[in-house]
Amino acid sequence: MERLTTGDTRPIGFFDSGVGGLTVVKEALKQLPNERVIYLGDTARCPYGPRPQEQVERFSLELANFLVQHDIKLLVIACNTATSFALDAIRARLTIPVVGVIVPGARAALKATHKKKIGVIGTQGTIQSAAYTKALVAKDPQVQVEALACPRFVPVVESNQFHSPTAKKVVFETLRAFQPLQIDTLILGCTHYPLLRPIIQNYLGSGVTLIDSGAETISEVSTLLDYFELAAPPSQEVQHHEFYTTGSAKLFQEIAHSWLQLQDLAVTHVPLTELGGKPHAS
Ligand code: DGL
């Protein structure tokens, strides 16, 4: 088979219910600097956590469709809730590689734990789906998993309050309920949570290793790009990334700018009426 020598300059698509997936993008910018990113956050319909599976699946298919129309070469579902509920449906419809965040996060946690006692925090949807527990136990039946839904975390992040005293109060009050602190490893099972990481670490102490599933996911993306010969060619130029949100472009821009530290970060509003339909092509 002939090998690609020029590389594939098409972008990698990312979606999330809001700004959370930017924590995954941040890793992509670090680990894959030659790659171009196109991101869609469904801020208008955030949070996804409390929504029923059927709705999360439908919304996720709409977001995937939007990105496919922008000629992406690989799709990252940068949302644990959408990965839990829609990964199979999206994979069934696309011919490009589709990567979720759950299995990479589970794999990293198993690598980190010494006591085989792993905690998982996530949205109601992710925790109720037991996606992490299933992924962990499938790889190691000896492992003990303690899971906790943290529905108050996402609104704190989406309102750009993740450095505030409110954030500390919410994190401390929520994690207090997480009693079985025999765990030595905690999976941040929602892509919004790494923005609260310093506060979570402060509460749990240095004896607990926090796992950012987004970071692990990008290592998997890097492997897949090489395997499928989809990696972009080396480039000295600054990549032109595109960011879209169904909500306020201004608020999204503020959070994205402070989190990603990118110059010239432009955010475009996409009305919900422009989404719709199901992905059908590669
Ligand atoms: N960031 C998302 C996740 O990883 C979803 C948060 C939400 O919309 O509830 O689950």
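Use the structure listed above.
So, here's what we can say about the structure. Please read all numbers here as calculations on a predicted model, not as lab measurements.

Describing the pairing of strand β9 (residues 242-245)
Next, step 1: Here four bridges tie strand β2 (residues 37-41) to β9, and the two strands are oriented parallel to one another. Looking across to β9, one finds that Tyr-39 is bridged to Phe-243.
Next, step 2: Two strands pair when backbone bridges link them, and β9 and strand β10 (residues 267-269) are joined in this way by three bridges, in the parallel orientation. If you follow Thr-245 over to β10, its bridge partner there is His-269.
Next, step 3: In this fold, β9 hands off to helix α11 (residues 249-260), which returns the chain to β10; that crossover is right-handed.

Some words on the packing of aromatic side chains
Next, step 1: A full pass over the atoms with the stated rule returns seven aromatic pairs.
Next, step 2: Ring geometry for Tyr-39 versus Phe-252: centroids 5.8 Å apart, planes at 45 degrees, classification tilted. Here Tyr-39, found in strand β2, pairs with Phe-252, found in helix α11; they are 213 residues apart in sequence, far enough to count as distant.
Next, step 3: For Tyr-39, a relative accessible area of 0% gives the class buried.
Next, step 4: Since its relative accessible area comes to 2%, Phe-252 is described here as buried.
Next, step 5: Each ring, one from Phe-172 and one from Tyr-203, has its centre 4.9 Å from the other, and the planes form 65 degrees; the classification is edge-to-face. Placement of the pair is Phe-172 in helix α8 (residues 165-176) and Tyr-203 in helix α9 (residues 197-204), with a sequence separation of 31 residues.
Next, step 6: Of the residues examined, Phe-172 reaches a relative accessible area of 23% and is grouped as partly exposed.

Cut-offs used in this document
- Residues numbered from 1 in each chain as written.
- Predicted model: local features only at pLDDT ≥ 70, side-chain atom pairs only at ≥ 80, totals over all residues.
- Heavy atoms only, no water.
- Pairing = 2+ DSSP bridges.
- Helix = DSSP H or I, 4+ residues; strand = E, 2+ residues; numbered from the N terminus.
- Right-handed = clockwise from strand over helix to strand, strands pointing away.
- Phe/Tyr/Trp six-rings, centres within 6.5 Å; stacked < 30°, edge-to-face > 60°.
- Buried < 20%, exposed > 50% of the residue type's maximum accessible area, 1.4 Å probe, protein only.

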